[in-house]
Amino acid sequence: MTENIEKKWQKKWENDKLFESDPNDKEKLFLTVAFPYPSGAMHIGHGRTYTVPDVYARFKRMEGYNVLFPMAWHVTGAPVIGIAERVRRKDPWTLDLYENVHKVPKEELPNLADPEYIVRYFSSEYNEVMHDMGYSIDWRREFRTIDPTYKKFVEWQISKLKDKGLIIKGEHPVKYCPRDKNPVGDHDLLEGEGVGVNELTLLKFKMDDKILVTATLRPETIIGATNIWLNPDIEYIEVDAEGEHWIITKEAHHNLKHQIKDLNIIREVDPNDLIGGFVENPFTGDKLPIFPASFVSGSYGSGVVFSEPADAPADYIALQDLKNNKELIAKYHLEDIIDDVNPINVCSVKGYGEIPAAEIIEKLGIKDQNDPKLHDATNELYKVEHRKGIISEHIPEYGGKKVAIAREEFKADMIDKNMATTMYDFAERPVICRCGEDCVVKIMDNQWFLKYSDEEWTAKTHEVLNGETIIPKEVKNNFEYYIDWLDDWACSRNVGLGTRLPWDNQWLIEPLTDSTIYMSYYTIAKYLRNMNADDLNPAFFDKVLLDIDSDDVKVDDETVKEIQDEFNYWYPLDWRLSAKDLVGNHLSFLMFHHSAIYPKEKWPRGTVVFGMGLLEGNKMSSSKGNVILLKDAIEQYSADVVRLFLMASAEPWQDFDWREKEVLGTKRRLEWFREFAAKVEEVKNSPLDLTNIEKVELNRTIDIWMLSQLNQHIKEATEALDGFQTRKALQESLFLLKKDVDHYLYRVKHLLDSQDPAIIYVLSTVLEAWIRLLAPFTPHTCEELWETYGGEGYVSQASWPEADESLVSPKIEKSEELVQNIIKDINQIKKMVKGNVEKIHVYLAPDWKWDLYEIAEEIGKPDIGQIMGRAIGANIYDDKKEIAAVAKKIGREMTKTKYVGKIDENQIISDAIDYIMEETGDKVIVHTDDSYDPENKARNAMPYKPAIFME
Ligand SMILES: [Zn+2]
């Protein structure tokens, strides 16, 4: 039933071209969301990503904007090549993933051996599911990043950057997959996303004709080196490094051979043959013994470590471990030397003594070198020494210098004297390519780089950022950080789908680079899709996008003018939406490239950053099988329920958690809404016509209250949606409004059968506004209700409900609160009172207490002295003691209770007296004075809080 409704409306929207947006005289709004890389099926995590812009687009359309929400497919890059290859190899894990997680029919699986087939298959599936979700996309602008016309656009873009000197050939370390022979981005990784690359200093310790090379982040600590560590349980080799014979691990060789040319293996080396021997400290000339240690990793750095126990917690504890291990000492004959090896102070840092490593080990209670807390100890000490450390005075030449400065001087000096060289390594491992291979850091020397380190470019990109609204705003700091620290970016690749560099055809343009300004392509895509790619030369894009005249334009003037006008109408981009893991790359690149190519008035205006998705509390991941496909969710719950749940369960930038129990709760909520619509018609007892609601003058407080609440919720929901707060918007427009409607229906339950015109008017008005309020979230349901109950045209094209603030009355709201609180208080007191209650006396606050409250409110803070002073001056009451007591009470109360002015409590309670008596089951008598007050309770009465006495 629901599915039929959804399909029906999707078809109607399409037939009537509801979401095809062309320039007109309305104010435009252009928003885009990062286009998907369709290498697998769409899951509910993607569902959230694309529903947020759809809700916003629908909301703004109803507000009267001409909204453009387009979609395209990012199919460039290497991942699908790897997938296709694994399918060709019949890799069982890949076949299982595609058959059981992505649910590709078995007979289709062999076709996935063709990478272009993969992207075709999944982009058409994405397209279908996006239709099923009811997204209000202008599909005339759909494209794929390997379309010939798009490639022409990318060529133009990259040539522009090259002409501006922002693309250079250079030597840089990049993350690299040796199997694919391709640099890799986070996109291409199975594990190790976001892991940085460290620059390490490789120090050379001579041992006869061999050199033990040790990698370190802190070359200055060589002054305090006491010994070398080798791990007896891992494989070491001797390699030829430009004539020098180095000892490193086999795993280090896997990485280092991509950084040092001709690093050839000579032979395997047994570390046990080296342990117990000596090397020479290149800096001090001291003889240092070689000791065994289990904490040394074969894959980090060179696999050879020099020990500096004064500042390195791991070195310190490994030395203690060894000193306590008689067996090991005997095995390697270290008896004569071990006692002479002791930490040597290098660095002074406030808060620590001679041997900082010893202190932090004690502080964290670390037991041995395999203790996981060792990692924290190391990080903490490294950080504090880098920030505040000073090289100790006893050290010649460097004594007194800041650690951070001495470090760089040491490094340069030692490299200069061939005592050291530089190497690169991942800050953490593992870093694994999607193809399953361990990645390395490779120095690429004929690679093309985008010069993100360029100072002028960076400064201009900061200007782009400063002109943008970033949601949530705290992410602005992340952008500032990344824009400042982004390193040059390898923008060419060997393998993958994509566009070739126009000036160096052996290279493909890297996939993040080909999608930095594609938002502008959407504005013109509907024209270009029917054009000949050969006609789209640089002169064409220069004219259309930058208004640069040229004789080389091959397209006729009239067409060019039309395309150019469309671009100028939609651009700049008003909102860019994307996931938070793209802040440090894609979203920053977007700002860089806009700053370089477009003039200021075409720079983006806003960015919204999304959180991640969880499934029953666990991270969603296709590769781990922990996902629910969107098409399955739609089938099970309907698109509207899925949309509603995704938008209500978290704000877009928060992580959301798909929990079946809560999704079912959402489903019931939507059913309730449909039933409510039917109920309104039932109350009216004749067909509803929401286009012609008969207006009635309202007198009952509860009717006025309902419309006040409605308008308040409209106001709050509108403000929330303006800031992309979908959750808050739904709190107001669904959950809290429902609560109020339930309350209203309860309060007027006796009148529901009597066709009371006021009630019919109130309920119809609520329903009419409510369908529009929910239309961006549950468009199918709302279209159906809108049509059923007489709405005009499509609700998708109806105007957004405007809050009528003249109907929002805090006093009315307070009045209903008063009635509810009296009932609550009476019922609570009754529970505590023993014996029968016959009558309930309610005492209202006298006028002077209201006056006192008013004074307190004017003063604006609980300053009792000042309140008293003014109250006595105004002569509000003659008992000063009593004034003081009440002033104190008000002082306590005013921070908790919102004062909205005096309300006529007597009138309000009298109006609701039947209801109050029904709810409490007692006779209630209201007193405005203390003429009958046997237990002296009247004096407790306060504004908004009458006193109660039972007898
Ligand atoms: Zn690979």
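Residues numbered from 1 in each chain as written. Predicted model: local features only at pLDDT ≥ 70, side-chain atom pairs only at ≥ 80, totals over all residues.

- In the nomenclature of an unreviewed UniProt entry, the protein chain corresponds to Leucine--tRNA ligase from the organism Methanobrevibacter smithii DSM 2375.
- For the protein chain, the Sequence similarities (unreviewed entry) comment in UniProt is given as "Belongs to the class-I aminoacyl-tRNA synthetase family."
- UniProt's Catalytic activity (unreviewed entry) comment on the protein chain is quoted here verbatim: "tRNA(Leu) + L-leucine + ATP = L-leucyl-tRNA(Leu) + AMP + diphosphate". (UniProt positions renumbered as here; feature names shortened; annotations may be inferred.)

### Here we look at the overall build of the protein chain
Link 1 in the chain: What the protein chain contains, in helices and strands, is 32 helices and 32 strands.
Link 2 in the chain: For the protein chain, buried positions account for 45% of its 951 residues.
Link 3 in the chain: For the protein chain, contacts bridging at least 24 residues in sequence account for 76% of all contacts bridging at least 6. (Helix = DSSP H or I, 4+ residues; strand = E, 2+ residues; numbered from the N terminus. Buried ≥ 20, exposed ≤ 12 C-beta atoms within 10 Å, placed from the backbone. Contact = placed C-beta atoms within 7 Å.)

### Let's talk about the UniProt feature "short sequence motif: 'HIGH' region" (unreviewed entry) in the protein chain
Link 1 in the chain: Those residues carrying the UniProt feature "short sequence motif: 'HIGH' region" (unreviewed entry) are residues 36-46 in this numbering.
Link 2 in the chain: Taken as a whole, residues 36-46 contains 27% helix and 0% strand, while its terminal C-alpha atoms sit 9 Å from one another.

### Observations regarding the nonpolar core
Link 1 in the chain: Within the largest apolar cluster, 241 residues are counted, with the highest numbers of intra-cluster contacts made by L203, I228, L230, I248, V766 and I771.
Link 2 in the chain: For this core, the leading source of residues is helix α25 (residues 757-774), giving 11 residues.
Link 3 in the chain: Look past the residues within four positions of I248 in its chain and what remains in contact with it is V213, Y236, I237, V239, H253, L256, S302, G303 and V304.
Link 4 in the chain: Residues Y843, L852, I908 and V924 belong to the second largest nonpolar core, which totals 30 residues. (Core = buried A, V, L, I, M, F, W, Y, C linked by C-beta atoms within 7 Å.)

### Observations regarding the pairing of strand β30 (residues 839-843)
Link 1 in the chain: Buried residues dominate β30, accounting for four of its five residues.
Link 2 in the chain: Sheet analysis places β30 next to strand β31 (residues 923-927), joined by five bridges and oriented parallel. By the bridge assignment for β31, I840 is matched with V924. (Pairing = 2+ DSSP bridges.)

### Remarks on the sheet that holds strand β27 (residues 613-615)
Link 1 in the chain: The three strands lie next to each other as β28-β27-β29, forming an open sheet whose pairing is mixed. Since the sheet does not close on itself, it has two edges, and those belong to β28 (618-619) and β29 (656-658), each with one partner.
Link 2 in the chain: Strand direction decides the pairing type here: β27 and β28, joined by two bridges, are antiparallel. In the strand pairing of β28, L614 is matched with K619.

### A look at the domain arrangement of the protein chain
Link 1 in the chain: When its domains are assigned, the protein chain resolves into domain 1 (1-11 + 31-137 + 612-658), domain 2 (197-427), domain 3 (660-808) and domain 4 (812-950).
Link 2 in the chain: For domain 1 and domain 2, the distance between their C-alpha centroids amounts to 49 Å. (Domains from an automatic or database assignment.)

### Notes on the sheet that holds strand β22 (residues 492-493)
Link 1 in the chain: Sheet architecture is open: three strands sit in the order β22-β24-β23, paired in antiparallel fashion. Edge strands, defined here as strands with exactly one partner in the open sheet, are β22 and β23 (500-501).
Link 2 in the chain: One ladder, built from two bridges, connects β22 with strand β24 (residues 504-509); its direction is antiparallel. Bridging from a neighbouring strand, S492 pairs with I509 of β24.

### Looking at helix α11 (residues 356-364)
Link 1 in the chain: Among the residues of α11, P356, A357, I360 and I361 are the ones counted as buried. The arc that holds the buried residues of α11, viewed along the axis, is 135 degrees, so those residues lie on one side. Looking at α11, the residues exposed on the side facing more than 90 degrees away from the buried face are E362 and K363.
Link 2 in the chain: At the C-terminal side of α11, G365 shows a positive phi close to 65 degrees. (Arc of directions from axis to C-beta.)

### Some remarks on the pairing of strand β9 (residues 236-241)
Link 1 in the chain: Across six bridges, the pairing between β9 and strand β11 (residues 263-269) is antiparallel. Opposite I237, over in β11, you have E268 as the bridge partner.
Link 2 in the chain: Where β9 and strand β10 (residues 244-249) come together, six bridges link them in antiparallel fashion. Residue A241 lies in a different strand from β10, and its bridge partner there is E244.
Link 3 in the chain: Between the antiparallel neighbours β9 and β10 lie two residues, among them E242 with a positive phi of about 45 degrees.

### Some words on unusual backbone geometry
Link 1 in the chain: Of the consecutive residues R429 and P430, the connecting peptide bond is found in the cis state with omega at 5 degrees.
Link 2 in the chain: The omega torsion across Y571 and P572 is 5 degrees, close enough to zero to call that bond cis.
Link 3 in the chain: As for its placement among the helices and strands, P572 is situated in the loop between α18 (557-570) and β25 (575-579).
Link 4 in the chain: Even without being glycine, Q755 reaches a positive phi, approximately 50 degrees.
Link 5 in the chain: Using a count of 12 C-beta atoms within 10 Å as the deciding quantity, one classes Q755 as exposed.

### Side note on the packing of helix α21 (residues 639-648) against helix α22 (residues 660-684)
Link 1 in the chain: Where α21 meets α22, the closest approach of the two axes is 9 Å, and the angle between their N-to-C directions is 115 degrees. On the basis of their axis angle, the class for α21 and α22 is roughly perpendicular. As α21 runs across α22, the sense of the crossing is right-handed. Across the interface between the two elements, D640, V641, L644, F645 and A648 from α21 touch E662, V663, T666, K667 and L670 from α22.
Link 2 in the chain: In terms of residue class, the contact of α21 with α22 is built from six nonpolar, one polar and three charged. (Axes fitted to C-alpha atoms, helices over the stretch in contact; angles between N-to-C directions. Parallel < 35°, antiparallel > 145°, perpendicular 65-115°, else oblique. Left-handed = near helix turned anticlockwise from the far one by under 90°. Nonpolar A, V, L, I, M, F, W, Y, C, P; charged D, E, K, R; others polar.)

### Regarding the environment of D240
Link 1 in the chain: Mapped onto the elements of the fold, D240 is located in strand β9.
Link 2 in the chain: When the C-alpha positions of D240 and D262 are compared, they lie 7.7 Å apart, and in sequence the two are 22 residues distant.
Link 3 in the chain: Residues contacting D240, with those up to four places away along its chain left out, are H245, N264 and I266.

### Re the environment of K402
Link 1 in the chain: Inspection of the secondary structure puts K402 in the loop between β16 (390-391) and α13 (403-416).
Link 2 in the chain: C-beta crowding within 10 Å serves as the criterion here: with 13 such atoms nearby, K402 is assigned to the partly exposed category.
Link 3 in the chain: K402 sits 14 residues away from K388 along the chain, and the two C-alpha atoms are 7.4 Å apart.

### Examining the environment of D756
Link 1 in the chain: Tracing the chain through its elements places D756 in the loop between α24 (726-747) and α25.
Link 2 in the chain: In this structure D756 comes out as partly exposed when scored by C-beta crowding, with 18 C-beta atoms within 10 Å.
Link 3 in the chain: It is 68 Å that separates the C-alpha atoms of D756 and D556, two residues lying 200 residues apart in sequence.

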